[in-house]
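Working through the structure, step by step
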Amino acid sequence: MTDATHRRLIITGTGIAGLSAAIYAGRSNNDPLVIEGTEPGGQLTLTTDVANYPGFPEGISGPELVNRMKEQATRFGADIEHGVVTEIDDTDRPFRVECKDGTVYTADAVIVASGASARTLGVPGEDELMGYGVSTCATCDGAFFRGEEMLVVGGGDAAMEEASFLTKFASKVYLIHRRESFRAEQYWVDRVQEKVDDGEIEILRNTELTEIHGSQSDGVSHVTLAHNESGYPSEQLDEPETETTEHDVGAVFLAIGHTPNTEYLDGTGVKTDEDGYIITHGGRGSGQTSTDVEGLFGAGDVVDFHYQQAATAGGMGVKAALDADDYLDQLDRTQQAEVAAAESDD
Ligand SMILES: Cc1cc2nc3c(=O)[nH]c(=O)nc-3n(C[C@H](O)[C@H](O)[C@H](O)COP(=O)(O)OP(=O)(O)OC[C@H]3O[C@@H](n4cnc5c(N)ncnc54)[C@H](O)[C@@H]3O)c2cc1C
């Protein structure tokens, strides 16, 4: 068996939540080890312009904000290591944390801050133009395309909400959905219908995006769409009923959901919802980031499927570090009491 390195606190993820937790945990002398995962710096590294993070009136690039936070965390004693956590064993204490390369750590407490990954379509142009007119976050990037025509992809609540939100900036919003009927709640369908009636949104049903055109220097110029009245047109591109057209738009927003990165918690007592998001105790007062596993805390987008913003993820990371500190303090006191009791027995 591999010798495991012991740490007082392990944090999974170097996104805003993990790094905010690391800054606080370092300052509390909890000696945090932060494991980076496959996306060092997290989702914010995908954007060149963060205009709404408090304290940066001129905006800041995602990678620069993350690098500053890393510097701040290491200054207070956090260690940041490459690695992807594949398993956490919570049957005994300390926790056993295993990484993909076989490295094993033990830890007295764990903060899970492994975020959520936005789903993408995998169509040509998408990867190349991500951050250059293609985005997975309308709240974050909508204002950059003021006055342009915008395309939103999706049929759930998020797509409806994003399409409605984008009407603040867009000259027109096209909402495309691969089927006839929407998955979204009626509330959102009704809100969107009001905007359709006002001419602000146009819905294209049974339509899929098959290619995004443009360049990193000039952004998105136009998109290729496929339409078939029976739905799912990209599966029927060779059918004569499938019609392919080109549309000029200045931005494309993908709102087809996120996948929380929680697979490595399978087998633990951590409760997740049906989509895999961690359920924390929430509520008021201390312990809001606690999970059903004592000593294991959750923070950021891996918990929060609703707000999903850098500032909210950071705030939750701070809460998790403070909750972990309370837990570790209590653990120290219990261990000291046990040692004192054993010594008085001798
Ligand atoms: C394109 C885009 C633009 C955005 N722009 C803005 C903006 O302008 N303003 C704003 O407020 N928000 C913005 N957001 C949202 C913001 O980025 C997120 O809300 C925030 O990054 C969430 O932080 P997080 O730390 O919870 O998770 P993430 O940023 O998702 O970080 C997760 C971390 O966990 C790691 N990880 C995953 N799995 C494992 C594992 N198994 N083991 C170890 N580590 C693991 C990853 O490698 C990563 O380091 C944007 C998002 C996107 C996608």
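Structure: see above.
Parameters and conventions
- Residues numbered from 1 in each chain as written.
- Predicted model: local features only at pLDDT ≥ 70, side-chain atom pairs only at ≥ 80, totals over all residues.
- Heavy atoms only, no water.
- Near = heavy atom within 4 Å.
- Polar contact = N/O pair within 3.5 Å; in protein donor to acceptor, adjacent residues only side chain to side chain.
- Areas by Shrake-Rupley, 256 points an atom, 1.4 Å probe, with all protein chains shown as cover.
- Helix = DSSP H or I, 4+ residues; strand = E, 2+ residues; numbered from the N terminus.
- Nonpolar A, V, L, I, M, F, W, Y, C, P; charged D, E, K, R; others polar.
- Domains from an automatic or database assignment.
- Salt bridge = Lys/Arg side-chain N within 4 Å of Asp/Glu carboxyl O.
- Buried < 20%, exposed > 50% of the residue type's maximum accessible area, 1.4 Å probe, protein only.
- Contact = heavy atoms within 4.5 Å.
- Pairing = 2+ DSSP bridges.
- Right-handed = clockwise from strand over helix to strand, strands pointing away.
- Axes fitted to C-alpha atoms, helices over the stretch in contact; angles between N-to-C directions.

Next up on the list: the site of the ligand. Near the ligand there are 33 residues, and of these Glu36, Glu39, Asn52, Asp301 and Ala310 occur at the shortest range. Take Ala17: an N or O atom from its main chain is 2.9 Å from an oxygen atom of the ligand. Gln43 has a polar side-chain atom sitting 2.8 Å from an oxygen atom of the ligand. Here the ligand loses 96% of its free accessible area of 1,000 Å² to cover by the protein chains. Looking at the shell around the ligand, the elements with two or more residues in it are helix H1 (16-27), helix H4 (138-141) and helix H7 (310-345). Looking at the shell around the ligand, its residues break down into 13 nonpolar, 16 polar and four charged. Two domains share the shell around the ligand, each providing at least three of its residues, namely domain 1 (5-118 + 258-345) and domain 2 (126-254).

Looking now at the pattern of salt bridges. Enumeration according to the criterion identifies nine salt bridges in this entry. As a salt-bridge pair, Lys172 and Glu202 come within 3.3 Å of each other at their nearest N and O atoms. You can see Lys172 sitting in strand E10 (residues 172-176) and its partner Glu202 sitting in strand E11 (residues 201-204), a full 30 residues away along the chain. The partner of Arg191 in a salt bridge is Glu194, and the shortest N-O contact between them spans 2.7 Å. Of this pair, Arg191 and Glu194 both sit in helix H6 (residues 186-197), three residues apart, roughly one helical turn. Classification of Arg191 as partly exposed rests on a relative accessible area of 25%. According to the relative accessible area criterion, Glu194 is partly exposed, its value standing at 41%. A cluster of three or more residues bridged by salt bridges with shared partners is formed by Arg7, Asp31 and Asp79.

Attention shifts here to the environment of Asp292. Structurally, Asp292 is set in the loop between strand E16 (258-260) and strand E17 (296-298). Exposure remark for Asp292: the relative accessible area of 42% places this residue in the partly exposed category. Expressed as a C-alpha distance, the spacing of Asp292 and Thr268, which sit 24 residues apart in the sequence, is 9.5 Å. Dropping the residues within four chain positions of it, Asp292 is found in contact with Gly269, Lys271 and His281. Side chain to side chain, Asp292 and Lys271 meet in a polar contact 3.5 Å long.

Attention shifts here to the pairing of strand E1 (residues 5-12). Pairing geometry for E1 and strand E6 (residues 104-112), over seven bridges, is parallel. Bridging across to E6, Thr5 finds its partner in Tyr105. Where E1 meets strand E2 (residues 32-35), four bridges bridge the pair, whose relative direction is parallel. Counted as the bridge partner of Thr12 is Ile35 from E2. As a crossover connection, the stretch from E1 through H1 into E2 is right-handed.

Here we take up the side chain of Asn206. Tracing the chain through its elements places Asn206 in the loop between E11 and strand E12 (207-215). Of note is the side chain of Asn206, whose polar atom sits 2.7 Å from the side chain of Glu180.

As a further point, take the sheet that holds strand E13 (residues 219-227). An order of E12-E13-E14 is seen for the three strands of this open sheet, with the pairing classed as antiparallel. Looking along the sheet, the strands with just one partner apiece sit at the ends: E12 and strand E14 (243-248). With strand direction ignored, the average angle separating the axes of adjacent strands in the sheet is 25 degrees. Relative to E13, E12 runs antiparallel, the two sharing eight bridges. Following the sheet pairing, His213 is matched in E13 by His222.

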